[in-house]
Amino acid sequence: MTTAPTELASSGVIPYDDLVGRGRVDGRIYTDASIFDEEMERIFHRGWVYVAHESELPEAGSFVTDVVGRQPIIVTRDEDGEFHAVANRCSHRGTLLCPVERGVAKTFTCIYHAWKFRNTGELLAATFPDGYGPDFDKSNFDLARAPRLAVYRGFIFVSLSPDGVSLDEHLGENAKHQIDLFVDLSPTGKVELAGGVLRYWYRGNWKATIENGVDAYHAQFVHRYWMSKVRPVRQGASGSGEDHEVVLPSIRALGRGHAMIDFRDLRHSIARRTGRSLPTDFDQEIMALRLEGERHPDVMPELSPEDARAYTEAMEQAYGKERAHRLMVDNGTHVGIFPNLALIGASVRKTRPVAVDRTEIQVQAAMLDGAPKAMNTLRIRGVEDFWGPASQGHADDAEVWERANLGLQHTASPWVDFSRGVYREQIDRDGTVVGHVTDEGSQREILSHWLRVMTGSAT
Amino acid sequence: MTTWTRADAETWLYREARLLDERRYDEWFGLWDRDGVYWIPANEDDYDPATHVSLLYKDWVGLRDRVERLGSGVAYAQSPPSRLRRLVSNVEVEAVADAPGLTALRSNFLLVELRRHVQDVFAGTALHTLRLEDGRARIVRKVVRLLDNDEPIDNLTFLL
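All figures in this text were calculated on a predicted structure; none of them were measured in a lab. (Residues numbered from 1 in each chain as written. Chains lettered and ligands numbered in written order. Predicted model: local features only at pLDDT ≥ 70, side-chain atom pairs only at ≥ 80, totals over all residues. Heavy atoms only, no water.)

1. What about the confidence of the model for chain B?
At step 1: Here chain B averages 95 in pLDDT, while 99% of its residues score no lower than 70.
At step 2: ipTM for the predicted complex: 0.96, alongside a pTM of 0.96. (pLDDT = per-residue confidence, 0-100.)

Structure, rendered in structure tokens:
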């Protein structure tokens, strides 16, 4: 799995400033195992990393296991509803305590010598404690706890370092606003990740995924077939058949490595023409499924007029008429949160680097609490059609990332170019940097923040 | 109404396996009933797909689209295509209660896939519900329960 040492690794100190220029990077940042090791330390073992959503931990004792960087952890919910992230490692001999991905357990008992821990990490009992003598202080053997855990709108993040910016500072107002848009499509302001997980992996570097998630330039090439299904639905929605994609989405850099494809202007232009404002009208992944021919109602249910009205009324009651309409037409977001979370349409995507050339991804459908069942079923259909190993979206992207991993082995001419649109990007009023939909400002945002973290000028 | 013997079922399943191995997807799609539903569950073998994501959950129209896409030349995860060989065994036949004309088949499969120099193995159980009509069998429902449906999978863009 590991790449042979390169001249970068053997030189001792990695010259990051030489590897990232304005609009280009040295391709070895995707293939060099020593850079991957440092990424694990500086990005994943120090910074804020998304681990789980609180709806996955619905009751006292609920837990989810994860690996943050290289550290196996258990995220738990205690009797008081508080979340904890503890080492998934017995403090005695280091055995993995919990081998399953989710469940309910108020205590964890190691299978090796039966040391037992509360889900807060506290050691309850070491078996035959007299063997440790009279001075045995079992509090020295509590499970290691992640120094910091913070929740924003249900999304649980941990930092394995006691120091650094707060989650609030890390996200910033712009990224928080995008998360708000995603969650506030629910009239109760809550999403639930209770509908299973699509798991997949590819032979390539983790940054390929996060850069691609906010890259619109590739969509009409890699996803040509999918776009050929989306476009007619968008155009048909105008009633005129004319191409109203003259209002284009844009690329927006939000700071601290967060970036997005911003569809809001496009969607509001459609809504003005058509008077339509339901999330299922604007979700591209659902659009691609609106195929000609009579559908099986179990697979593609119709949102009834009653359901549509009930949802609209619930939204208006919750947010007021004007804001509800704006939220519905904004239709959530398409944002990447540095380093490992993306909220795209109805999907929540978590990226896990396993090795420099191996990456695992989990995608879940965010179900809108308080929305009609058919709306959530359509969101599930859209998520599974675009994401997952059998999908028509992700699978072709993964082919690109695997081929990138193969192509980047050529290092004699190492540069990878991200300069598209440098000359025409602009700073918006809110401080975000906005560019043409096909531009690479989102990748430049990710890579410039990556450079700051890797060189220690940001945490 | 006639009931299939195991030999009838095997003959039919081997034919389907060959069409899939040889990626003759248009012919394979011709086996489907207009009301057909094709389901590859994710995480678990059985649940309500209205409230849970699946690896694949398609009706006849969705399946037609998938077959068209695989033949479009721009389905890059199948370019180059997977080479496929599957063994089908442990075949069981049962009538479907209260549904004359429907027959249910249960079988296991072991599938070896080779693509871009990497060989992979998939295994699972297939549950077919067939409508026997005018001497032909049409697929009304096919459920593929993959052994590794709760594990990360890299590429499942060929058809099972």
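And the narrative resumes.
2. With respect to unusual backbone geometry
At step 1: Cis geometry marks the peptide bond from Phe338(A) to Pro339(A); its omega dihedral reads 0 degrees.
At step 2: In this structure, Pro339(A) sits in the loop between strand 17 (334-337) and strand 18 (341-344).
At step 3: Pro80(B) follows Ser79(B) through a cis peptide bond whose omega is 5 degrees.
At step 4: Tracing the sequence through the fold places Pro80(B) in the loop between helix 3 (60-70) and strand 3 (83-95). (Helix = DSSP H or I, 4+ residues; strand = E, 2+ residues; numbered from the N terminus.)

3. Description of the side chain of Asp65(B)
At step 1: As for its placement among the helices and strands, Asp65(B) is situated in helix 3.
At step 2: Dropping the residues within four chain positions of it, Asp65(B) is found in contact with Tyr225(A), Lys229(A), Leu291(A) and Gln392(A). (Contact = heavy atoms within 4.5 Å.)

4. Considerations on the interface of chain A and chain B
At step 1: At the junction of the two partners, chain A supplies 44 residues and chain B supplies 42 residues.
At step 2: When the two sides are added together, the surface that chain A and chain B hide from each other amounts to roughly 3700 Å², 50% of it contributed by carbon and sulfur.
At step 3: Its largest share of buried area at the contact with chain B, chain A owes to Tyr225(A), Pro389(A) and Ala390(A), together 18% of the area lost on that side.
At step 4: Counting across the chain A and chain B interface gives 12 salt bridges.
At step 5: The salt bridge partner of Asp385(A) is Arg66(B), with a shortest N-O separation of 3.7 Å.
At step 6: Remark: the boundary between chain A and chain B carries 25 residue pairs in polar contact (both at pLDDT 80 or more).
At step 7: Per-element tally for the side of chain A that touches chain B: the top contributor is helix 13 (residues 373-386) of chain A, with 7 residues.
At step 8: The class makeup of the residues in the side of chain A that touches chain B is 19 nonpolar, 7 polar and 18 charged. (Buried area = accessible area lost by both parts, 1.4 Å probe. Salt bridge = Lys/Arg side-chain N within 4 Å of Asp/Glu carboxyl O. Polar contact = N/O pair within 3.5 Å; in protein donor to acceptor, adjacent residues only side chain to side chain. Nonpolar A, V, L, I, M, F, W, Y, C, P; charged D, E, K, R; others polar.)

5. Side note on the pairing of strand 15 (residues 250-255) of chain A
Residues and elements named next belong to chain A.
At step 1: For strand 15, the tally of buried residues reaches 5 of 6 residues, placing the bulk of the element in the interior.
At step 2: Strand direction decides the pairing type here: strand 15 and strand 24 (residues 433-436), joined by 4 bridges, are antiparallel. Among the inter-strand pairings, Arg 252 is bridged to a residue of strand 24, identified as Val 434.
At step 3: For strand 15 and strand 16 (residues 258-262), the ladder comprises 5 bridges, and the chain directions are antiparallel. Bridge pairing links Ser 250 to Asp 262 in strand 16.
At step 4: Connecting the antiparallel pair strand 15 and strand 16 is a turn made up of 2 residues, with Arg 256 showing a positive phi of about 55 degrees. (Buried < 20%, exposed > 50% of the residue type's maximum accessible area, 1.4 Å probe, protein only. Pairing = 2+ DSSP bridges.)

6. Observations regarding the packing of helix 8 (residues 264-274) of chain A against helix 12 (residues 321-330) of chain A
Helix-helix packing is characterised by the crossing angle of the two axes and by the distance between the axes.
Residues and elements named next belong to chain A.
At step 1: As a packed pair, helix 8 and helix 12 sit with axes 8 Å apart at the nearest point and diverge in direction by 115 degrees. Taken together, helix 8 and helix 12 sit at an angle that is classed as roughly perpendicular. When the axes of helix 8 and helix 12 are compared, the crossing they make is right-handed. Packed against helix 8, whose contacting residues are Arg 264, Arg 267, His 268 and Ala 271, the element helix 12 presents Arg 326, Val 329 and Asp 330 at the interface. (Axes fitted to C-alpha atoms, helices over the stretch in contact; angles between N-to-C directions. Parallel < 35°, antiparallel > 145°, perpendicular 65-115°, else oblique. Left-handed = near helix turned anticlockwise from the far one by under 90°.)

7. Overview of the pairing of strand 4 (residues 62-68) of chain A
Residue and element names in this part refer to chain A.
At step 1: A large share of strand 4 lies buried, amounting to 6 of its 7 residues.
At step 2: Inspection of the sheet shows strand 4 paired to strand 7 (residues 102-104) by 3 bridges, in the antiparallel sense. Each residue of the ladder has a partner; that of Val 64, found in strand 7, is Arg 102.
At step 3: Looking at chain direction, strand 4 and strand 5 (residues 71-77) are connected through 6 bridges and run antiparallel. Pairing of Thr 65 across the sheet is with Ile 74, part of strand 5.
At step 4: The hairpin turn running from strand 4 into strand 5, its antiparallel successor, is 2 residues long, and Gly 69 in that turn takes a positive phi close to 60 degrees.

8. Considerations on the pattern of salt bridges
At step 1: Summed over the entire model, instances satisfying the criterion amount to 48 salt bridges over all chains.
At step 2: Between Glu27(B) and Arg15(B) there is a salt bridge, and its shortest N-O distance comes to 3.6 Å. Pair noted here: Glu27(B) is in helix 2 (residues 25-29) and Arg15(B) is in helix 1 (residues 6-21), with a separation of 12 residues, a long-range link.
At step 3: Owing to a relative accessible area of 42%, Arg15(B) belongs among the partly exposed residues under this scheme.
At step 4: A single salt-bridge network, built from bridges that share partners, covers Arg203(A), Glu399(A), Glu402(A), Arg403(A), Arg115(B), Arg116(B) and Asp154(B).

9. Here's the deal with empty space enclosed by the protein
All names here are of chain B.
At step 1: One pass over the structure, following the stated rule, counts 11 cavities of 30 Å³ or more.
At step 2: Here the largest cavity is characterised by a volume of approximately 120 Å³.
At step 3: Around the largest cavity sit 14 residues that line it, and Glu 16, Arg 86, Phe 109, Ala 126 and Lys 142 are the ones nearest its centre.
At step 4: The element best represented in the lining of the largest cavity is helix 1, accounting for 4 residues. (1 Å grid on protein atoms, 1.4 Å probe; cavity = no way out; pocket = protein on both sides within 12 Å on 5 of 7 lines; lining within 4 Å. Points joined across faces, edges and corners; volume = space filled by probe spheres on them.)

10. What about the packing of helix 5 (residues 206-213) of chain A against helix 15 (residues 441-454) of chain A?
Residue and element names in this part refer to chain A.
At step 1: Remark: helix 5 packs on helix 15, axes separated minimally by 8 Å, with the N-to-C direction vectors making an angle of 140 degrees. As judged from the angle between their axes, helix 5 and helix 15 are oblique. Between helix 5 and helix 15, the contacting residues are Lys 207, Ile 210 and Glu 211 on the first element and Gln 443, Ile 446, Leu 447 and Trp 450 on the second.
At step 2: For the contact of helix 5 with helix 15, the residue count by class is 4 nonpolar, 1 polar and 2 charged.

11. Let's talk about the sheet that holds strand 2 (residues 24-26) of chain A
Residue and element names in this part refer to chain A.
At step 1: Overall, antiparallel pairing links the 3 strands, which are arranged 1-2-22 in an open sheet. If you trace the sheet from one side to the other, it starts and ends with strand 1 (20-21) and strand 22 (415-417), each paired once.
At step 2: Examined bridge by bridge, strand 2 and strand 22 share 3 bridges and lie antiparallel to one another. Looking at strand 22, one finds that Val 25 is bridged to Val 416.

12. Overview of the sheet that holds strand 17 of chain A
Residues and elements named next belong to chain A.
At step 1: What the 9 strands build is an open sheet, ordered 14-20-19-18-17-16-15-24-23; its pairing is antiparallel. Two strands bound the open sheet, and with one partner strand each, they are strand 14 (198-202) and strand 23 (426-427).
At step 2: In the sheet, strand 23 pairs with strand 24 via 2 bridges, with the strands oriented antiparallel. If you follow Gln 426 over to strand 24, its bridge partner there is Val 434.
At step 3: On the sheet, helix 5 packs against strand 14, strand 16, strand 17, strand 18, strand 19 (347-355) and strand 20 (358-365) and is oriented at approximately 155 degrees with respect to strand 19.

13. Details of a nonpolar patch on the surface
Residue and element names in this part refer to chain B.
At step 1: Among the surface-exposed residues, Leu 87, Leu 110 and Val 121 lie close enough to one another that they form a single nonpolar patch of about 290 Å² accessible area.
At step 2: Looking at where Val 121 falls in the secondary structure, it is placed in strand 5 (residues 118-133).
At step 3: On the accessibility criterion, Val 121 (54% relative accessible area) is exposed. (Patch = residues over 30% accessible without salt bridge, like charges linked within 9 Å, V, L, I, M, F, W, Y side chains within 5 Å. Areas by Shrake-Rupley, 256 points an atom, 1.4 Å probe, with all protein chains shown as cover.)

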